[in-house]
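Working through the structure, step by step
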Amino acid sequence: MKTLKLLLGLALAATLFTSCYVEEANFNDNPSVSLDQLLHSYDLWYVDINSTQGYGETPFLQIAFTLTFDNGRLYANNNLVGIGSQGNGYGVQIGNYDAYDMILDINHVIDGFDSFDVYQVDGNTIELYNPFNDTSYFLDGYQRSNFDYDFVFYDNIHYFLQEYEAWEKTYTSELGALNEFDDENYLQFLSGGNDSTFRSSQDENVFNPVNIFWDYTGVYGVGDITGNMYLKTLTLDYDFFDNEFFELSVIDDGTIELFHADSGTTYEFAGQGYIPYYRSSDTQGKITKQVDKPKKRKQKTKKVENLRENKRS
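The rules behind the values
Residues numbered from 1 in each chain as written. Predicted model: local features only at pLDDT ≥ 70, side-chain atom pairs only at ≥ 80, totals over all residues. Heavy atoms only, no water. Helix = DSSP H or I, 4+ residues; strand = E, 2+ residues; numbered from the N terminus. Buried < 20%, exposed > 50% of the residue type's maximum accessible area, 1.4 Å probe, protein only. Contact = heavy atoms within 4.5 Å. Pairing = 2+ DSSP bridges. Axes fitted to C-alpha atoms, helices over the stretch in contact; angles between N-to-C directions. Core = buried A, V, L, I, M, F, W, Y, C linked by side-chain atoms within 4.5 Å. Salt bridge = Lys/Arg side-chain N within 4 Å of Asp/Glu carboxyl O. Phe/Tyr/Trp six-rings, centres within 6.5 Å; stacked < 30°, edge-to-face > 60°. Lys NZ or Arg CZ within 6 Å of the ring centre and 35° of its normal. pLDDT = per-residue confidence, 0-100.

Looking at the overall build of the protein
Counting its regular elements, the protein contains five helices and 18 strands. Out of the 313 residues belonging to the protein, those deemed buried represent 53%. If you take every contact in the protein between residues at least 6 apart in sequence, the share linking residues at least 24 apart comes to 58%.

So, the sheet that holds strand 8 (residues 135-142)
The strand order around the closed barrel formed by eight strands is 1-2-3-4-5-6-7-8, and the pairing between neighbours is antiparallel. When the angles between neighbouring strand axes are averaged without regard to direction, this sheet yields 35°. Direction of pairing for strand 1 (residues 44-47) relative to strand 8: antiparallel, over a ladder of four bridges. Bridge assignment links valine 47 to a residue of strand 8, and that residue is leucine 139.

A few points about the nonpolar core
Counting residues in hydrophobic clusters, the biggest one holds 37 residues, and the most contacted among them are Phe160, Leu187 and Leu236. The element that contributes the greatest number of residues to this core is helix 4 (residues 149-155), accounting for five residues. Other than its neighbours up to four places away in sequence, leucine 187 contacts Ala166, Trp167, Phe181, Phe198, Arg199, Ser200, Trp214, Leu236, Tyr238, Leu258 and Phe269. One finds Leu35, Val47, Leu61 and Leu128 within the second-largest nonpolar core, a separate group that totals 26 residues.

Some remarks on the sheet that holds strand 13 (residues 228-237)
The strand order around the closed barrel formed by eight strands is 9-10-11-12-13-14-15-16, and the pairing between neighbours is antiparallel. Ignoring strand direction, the axes of neighbouring strands in this sheet form an average angle of 35°. Of the strand pairs in this sheet, strand 13 and strand 14 (residues 244-252) are connected by five bridges, and their pairing is antiparallel. By the bridge assignment, leucine 234 is partnered in strand 14 with phenylalanine 246.

A few points about the environment of lysine 300
For lysine 300, the position within the fold is in the segment after strand 18 (287-288). For lysine 300, a relative accessible area of 65% corresponds to the exposed category. Sequence separation of lysine 300 and asparagine 50 is 250 residues, and the distance between their C-alpha atoms is 5.9 Å. Once you skip the residues sitting within four places of it in the chain, lysine 300 turns out to touch Asn50 and Asp155.

Observations regarding unusual backbone geometry
Unusually for a residue other than glycine, asparagine 88 sits at a positive phi of about 60°. Along the chain, asparagine 88 turns up in the loop between strand 3 (73-77) and strand 4 (92-100). The backbone phi angle of aspartate 134 is positive, close to 55°, even though this residue is not glycine.

Regarding the pattern of salt bridges
One pass over the structure, following the stated rule, counts five salt bridges. Linking glutamate 57 and lysine 296 is a salt bridge whose minimum nitrogen-to-oxygen distance equals 3.0 Å. Taken together, the residues glutamate 57 in the loop between strand 1 and helix 3 (59-63) and lysine 296 in the segment after strand 18 connect sequence positions 239 residues apart. The class for glutamate 57 is partly exposed, based on a relative accessible area of 35%. Using a relative accessible area of 37% as the deciding quantity, one classes lysine 296 as partly exposed. Residues arginine 308 and glutamate 127 are paired through a salt bridge, measuring 2.8 Å at the closest nitrogen-oxygen approach. Of this pair, arginine 308 sits in the segment after strand 18 while glutamate 127 sits in strand 7 (residues 125-130), placing them 181 residues apart in sequence. Neither arginine 308 nor glutamate 127 differs from the other in exposure class; each is buried.

Concerning the pairing of strand 5 (residues 103-108)
Here strand 4 pairs with strand 5 via six bridges, running antiparallel. Across the sheet, residue asparagine 96 finds its bridge partner in strand 5, namely asparagine 107. Where strand 4 hands over to strand 5, the hairpin turn is made up of two residues, of which aspartate 101 adopts a positive phi near 45°. Sheet topology places strand 5 next to strand 6 (residues 112-122); six bridges connect them, and they run antiparallel. Opposite isoleucine 106, over in strand 6, you have aspartate 114 as the bridge partner.

A short note on the packing of aromatic side chains
Each aromatic ring pair is specified by the distance between its two centres and by the angle formed by the two planes. Across all of its chains, the model carries 19 aromatic pairs by this definition. Considering the side-chain rings of phenylalanine 147 and tyrosine 149, the 5.1 Å spacing of their centres and the 80° angle between planes classify their relative orientation as edge-to-face. Across this residue pair, the class does not change: phenylalanine 147 and tyrosine 149 are buried. Aromatic side chains phenylalanine 160 and tryptophan 167 sit 5.6 Å apart centroid to centroid with 65° between the ring planes, which places their arrangement in the edge-to-face category. Sitting above the plane of the tyrosine 119 ring, arginine 308 keeps its charged end 3.5 Å from the centroid.

A few points about the confidence of the model for the protein
Reading predicted coordinates in detail is not appropriate for stretches of low pLDDT. Chain-level statistics for the protein give a pLDDT mean of 86 and a share of 83% at 70 or above. For residues 2-15, every residue scores under 50 in pLDDT, and the model assigns this stretch 27 contacts once sequence neighbours within four places are set aside. Segment residues 278-294 is flagged for pLDDT under 50; beyond a separation of four residues in sequence, or across chains, it makes 41 contacts in the model.

Below is the structure:
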């Protein structure tokens, strides 16, 4: 994200992530342009994860926010840190592709080979059907000039918190009543598992996040505030005393501000140990970087059976 410009267009926000449903779409199995031309017709293809149909998963599509097809090279925005600026807005190259006869073959740098049948749903929506796991992903096309990176960032801010190995408290306001959270100096938000686990520590001045001793593990949640897309709520569930409730705002790609509602105290936390587009944790919650167990976006809608016919079997 470049500078978190507050340039959201409400009309775009209303249409950017409108779900696509197969039963309501008019498919064009024989488009007037070639598949390669179709893929090049938009700079960015947003992966509408909540419109996914089928019970399988294609790992690299489960991670990506956007895909870009560029003359055989496949790019993706897999991280929210740097979205809009990394790779000139296209993200990082994740593999290569070949497009022919409405078939898309992809060689991913980590996951290897995958092949998809491509269907044009409408003027800016395509379906990628994976016959090997009977699952369809729906991608919405946008030009870079009218793609709202800020909306993507704030609509998925839950994942932004997970893109650092730890968050270190760097500022506490003088204004505000003393409270239990004053003693917490590090926070960590873990991906995987229930996708809502946090840890906190009262350690001080730890140079390497790996060496932090985590005093507490609990559950956290991020919520919206009506009428303000850029302000969120953050709830940390501490069993041994009441939940801690904050207003969460983002200062930049590596700094967040937490306003503690009960005490009136404002804290700032800086991210330590940026985690690129893949991440996992072991059974003890220790952060590991393994290319075979990537971080993934979770589908918020109920999974449904894919009615698409596998023509390759």
